[in-house]
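One letter stands for each residue in the lines below.
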Amino acid sequence: MGFLKRFFRGRAGVQQLPTGTITVDRQGRIVTSTVSSAYPQNFLREIGRDVLDLFSEARTAQMPLAEISLQFGSLHITARELRGGAIIFLFPQTALLATPTRSRP
Amino acid sequence: MMEKRHKILLLDDDTDWLTLSQEMLAALPSRPEILTANNGKRALSLLESEPVRLLICDLKMPRIDGLQILSIVRRRYPELRTVVLSGLEDEDFRSRAYALGVDLFWIKMEMQRNSKLFIECLESLLGRDDEPGFRGIQSKSLMDIIQMECLSRSSSVLRITRGPLVAKLWIQDGELIDAEAEGARGEAAFRRILSWKSGTFENLPAEPEHARTIMKPVNALLLETAQNIDEAASPATPESIEQAAHRKSVWKLSLLTREGADFVISIPPEGRGEPEALGTQMITPLVKWTRHAAAIARRLGEQLEAGPVMQVTGQNLERQVLVLEREERLFLVGWPVEATGNLLEKSRKLVASWDS
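Residues numbered from 1 in each chain as written. Chains lettered and ligands numbered in written order. Predicted model: local features only at pLDDT ≥ 70, side-chain atom pairs only at ≥ 80, totals over all residues. Heavy atoms only, no water.

Describing the overall build of chain A
Note the cut-off: Comment: elements are numbered from the N terminus, with helices defined as DSSP H or I runs of at least four residues and strands as E runs of at least two. Working definition: with a 1.4 Å probe on protein chains only, accessible area under 20% of the residue-type maximum means buried, over 50% means exposed, and in between means partly exposed. Whether two residues touch is decided by their heavy atoms; if any such pair falls within 4.5 Å, the residues are in contact. In short, Shrake-Rupley with a 1.4 Å probe defines the accessible areas, and a residue's cover is counted only from the protein chains shown.
The secondary structure content of chain A amounts to two helices and five strands. The N-to-C order of helical and strand elements in chain A reads α-β-β-α-β-β-β. For chain A, the residues scored as buried account for 46% of the 105 residues in total. Counted over contacts in chain A with a minimum sequence separation of 6, partners at least 24 positions apart contribute 42%. Split by element, the accessible area of chain A, about 5,900 Å² in all, is 53% carbon and sulfur.

Remarks on the overall build of chain B
Each helix and strand in chain B was counted, giving 12 helices and 16 strands. For chain B, the residues scored as buried account for 48% of the 356 residues in total. In chain B, 60% of the contacts between residues at least 6 apart in sequence involve partners at least 24 apart. Of the roughly 17,500 Å² of accessible surface on chain B, a fraction of 52% belongs to carbon and sulfur atoms.

Looking at the interface of chain B and chain A
Defined as follows: Here the buried area means the combined drop in accessible surface, using a 1.4 Å probe, for two parts upon being joined, counting both sides. Just to be clear on terms, a salt bridge is a Lys or Arg side-chain nitrogen sitting within 4 Å of an Asp or Glu carboxyl oxygen. Pairs of N or O atoms within 3.5 Å make up the polar contacts considered here, provided that, within protein, one atom can donate a hydrogen while the other can accept it, and that residues adjacent in sequence are counted only when both atoms are side-chain atoms.
Chain B puts 52 residues into the contact, and the matching count from chain A is 41 residues. Taking both sides of the interface into account, the surface hidden between chain B and chain A amounts to around 4,200 Å²; carbon and sulfur atoms contribute 60%. A salt bridge links Arg299 of chain B to Asp50 of chain A; the nearest nitrogen and oxygen atoms lie 3.0 Å apart. Linking chain B with chain A are 14 residue pairs in polar contact (both at pLDDT 80 or more).

Regarding the packing of aromatic side chains
What counts, and what does not: For Phe, Tyr and Trp, where Trp contributes only its six-membered ring, two rings pair if their centres lie within 6.5 Å, and the inter-plane angle classes them as stacked under 30 degrees, edge-to-face over 60, or tilted in between. Whether a charge lies above a ring is judged from NZ of Lys or CZ of Arg, which has to be within 6 Å of the ring centre and within 35 degrees of the ring normal.
If you walk through the whole model with that rule in mind, you get two aromatic pairs over all chains. Between Phe89 of chain A and Phe91 of chain A, the aromatic rings sit 6.4 Å apart at their centres with planes inclined by 5°, giving stacked as the arrangement. Residue placement shows Lys108 of chain B over the ring face of Trp17 of chain B; its charged tip is 4.9 Å from the ring centre.

What to know about the packing of helix α2 (residues 40–49) of chain B against helix α3 (residues 66–76) of chain B
Residue and element names in this part refer to chain B. What counts here: For helices, the axis comes from a line fit to the C-alpha atoms of the stretch in contact; other axes are also lines fit to C-alpha atoms, and the angle between any two N-to-C directions lies between 0 and 180 degrees. Here the word oblique covers every angle except those under 35 degrees (roughly parallel), over 145 (roughly antiparallel) and from 65 to 115 (roughly perpendicular). Crossing handedness is defined as follows: a turn of the near helix away from the far one that is anticlockwise and smaller than a right angle gives a left-handed crossing, while the clockwise case is right-handed. For this classification, the nonpolar set comprises Ala, Val, Leu, Ile, Met, Phe, Trp, Tyr, Cys and Pro, the charged set comprises Asp, Glu, Lys and Arg, and every other residue, Gly included, is treated as polar.
Between α2 and α3, the shortest axis-to-axis distance is 11 Å and the interhelical angle comes to 15°. By the angle class used here, α2 and α3 are roughly parallel. In this structure, α2 meets α3 at a crossing whose hand is right-handed. Contacts between α2 and α3 involve Gly40, Leu44, Leu47 and Glu48 on the former and, on the latter, Ile69, Ile72, Val73 and Arg76. When the residues that make up the contact of α2 with α3 are grouped by side-chain class, the tally is five nonpolar, one polar and two charged.

Overview of the confidence of the model for chain A
Keep this limit in mind: Scored from 0 to 100, pLDDT reflects the predictor's confidence in each residue.
In this model, chain A carries a mean pLDDT of 82, and residues with pLDDT of at least 70 account for 76%. In the model, residues 98–105 of chain A has pLDDT below 50 throughout and makes 21 contacts with residues more than four positions away in sequence or in other chains.

A few points about the sheet that holds strand β5 (residues 85–92) of chain A
Operational definition: A pair of strands is labelled paired if DSSP reports no fewer than 2 bridges between them.
Ordered by their spatial adjacency, 10 strands build an open sheet running β2(A)-β1(A)-β5(A)-β4(A)-β3(A)-β14(B)-β15(B)-β16(B)-β12(B)-β13(B), and the pairing between neighbours is antiparallel. One side of each edge strand has no neighbouring strand; the edge strands of this open sheet are β2 (30–33) of chain A together with β13 (276–278) of chain B. The mean inter-strand angle of the sheet, taken between neighbouring strand axes irrespective of direction, is 15°. As defined by bridge partners, strand β1 (residues 20–24) of chain A adjoins β2 of chain A across three bridges and the pair is classed as antiparallel. Directly across from Ile22 of chain A, in β2 of chain A, lies its bridge partner Ser33 of chain A.

Let's talk about the confidence of the model for chain B
For chain B, per-residue confidence averages 81 on the pLDDT scale, and 85% of positions sit at 70 or higher. Overall fold confidence (pTM) sits at 0.56, and the ipTM for the predicted complex is 0.81.

Some remarks on the sheet that holds strand β2 (residues 33–37) of chain B
Consider a sheet: its strands pair through backbone hydrogen bonds, and that pairing is either parallel or antiparallel. All names here are of chain B. Spatially, β2-β1-β3-β4-β5 is the arrangement adopted by the five strands of the open sheet, whose pairing is parallel. Pairing within the sheet leaves two strands with one partner each, and these edge strands are β2 and β5 (104–107). Averaged over all adjacent pairs, the angle separating strand axes in this sheet is 20°, with direction ignored. Sheet analysis places strand β1 (residues 7–11) next to β2, joined by five bridges and oriented parallel. Directly across from Lys7, in β2, lies its bridge partner Glu33. Of the strands in this sheet, β1, β3 (54–57) and β4 (81–86) are in contact with α3, which crosses β3 at around 160°.

Focus: the pairing of strand β4 (residues 75–82) of chain A
All names here are of chain A. Pairing geometry for strand β3 (residues 67–72) and β4, over five bridges, is antiparallel. Each bridged residue has a counterpart across the sheet, and for Leu70 the counterpart in β4 is Ile77. Hairpin remark: β3 followed by β4, antiparallel, with two residues in the connecting loop. Relative to β5, β4 is paired through eight bridges, and the arrangement is antiparallel. Across the sheet, residue Ala79 finds its bridge partner in β5, namely Ile88. Remark: two residues form the turn of the hairpin made by β4 and β5, two consecutive strands paired antiparallel; Gly84 in that turn has positive phi of roughly 80°.

A closer look at the pattern of salt bridges
Per the stated rule, a full pass over the model turns up 17 salt bridges over all chains. Between Arg212 of chain B and Glu175 of chain B there is a salt bridge; the shortest N-O distance is 2.8 Å. One end of the pair, Arg212 of chain B, is in the loop between β11 (199–204) and α9 (218–233); the other, Glu175 of chain B, is in strand β9 (residues 175–181), and 37 residues separate them in sequence. Judged by relative accessible area, Arg212 of chain B falls into the partly exposed class, the value being 35%. Among the residues examined, Glu175 of chain B registers a relative accessible area of 36% and is labelled partly exposed. The network of salt bridges with common partners includes Glu46 and Asp50 of chain A together with Arg299 of chain B.

So, the environment of His76 of chain A
All names here are of chain A. Locating His76 in the fold gives a position in strand β4. A sequence separation of 57 residues divides His76 from Thr19, and the C-alpha atoms of the two residues are 9.7 Å apart. Within the structure, His76 has its side chain in polar contact with the side chain of Gln71 (distance 3.4 Å).

Right, here's the structure in full:
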């Protein structure tokens, strides 16, 4: 059984979407997280760094932003800037929700 | 020579429904091979191993739901035709599914009531290649569809969707009585709709009580519109090009004012022309931020397997901004913070009208 699994797993698999909240400090290090520990931490760190980048570049463009949202087909990421860091909410968007989550703007 | 049989994959967690649908699809004239899956993982395995032409997918399923499957298949199999067959009669799900690029969205009840039309639509999807035209009836132009409806003296409401733009045509006893599109009503709206080259077309029940705003016979309107299209296609002089560019700028400015947006920046891919902005002087830094935001979003979407980027938004105490992508161009739309209503929908409409 284990032998066959080696050949037949993987390609058609689907990665679980992250659910929960993370906070990152100004260097992009994760300070707190409610996302499952099974979820790859490097992906969460990447989200944190990208979000901080977007806040900092918006300031450079003289359009400082307090909140940034990235809406994908099946995941919604909302980030709020904190003093020096950010709090990031990760919501999978599924049809199992009673009402679809609307983006604020 | 053996005729090529297309494969259809039916995905639904309800096995009774799968059996019922399988029997119904057996009535398709092209006799496609029907594959079934009762969960997303099984469906993805089948798509991996079989050359499937059409995926018919439910939305509400345990573990991996239809929207996530659609996000994945759109990226992995861009040529695959997709149909959503859902029990959820919800406009939000409908627009989210269309935003994911599905070809058709049908409610299960409606499919059972109008199975003949459903079969015709599926047959059309199986047969067509990447032709322009209206989904479901690919070989016909909108003019043909309207003429067909009027000649058959039918009463119906045609709902036409082109990306985020939604238009309606009211037909009563074979006469066109009203049209609505892009904030316009009546004949102006009708002319606007006829300029659309492609879209999604749905037939809704008639509304006999609907007020009449179009008095001209439909054939006269179709003729006028055809003449206008011919004139627009004739060789242009430098003066007429300049006049047309001026008219376009005025029209865009009025569009911006009518919708209440602060600014719009239209950004071509790098090295392919200059950005075009209305309502702001801060073009270069905003273009840089928009391109960077879009690149980050695309990369994250790929890495997280979260599907295509729908939009990126930001806000502060004074302003809300949205980044949208349309036909290789990026758009940054700025709104005052006090702007109300669904700004995403308003921005999509603004962007869709921008170059039309």
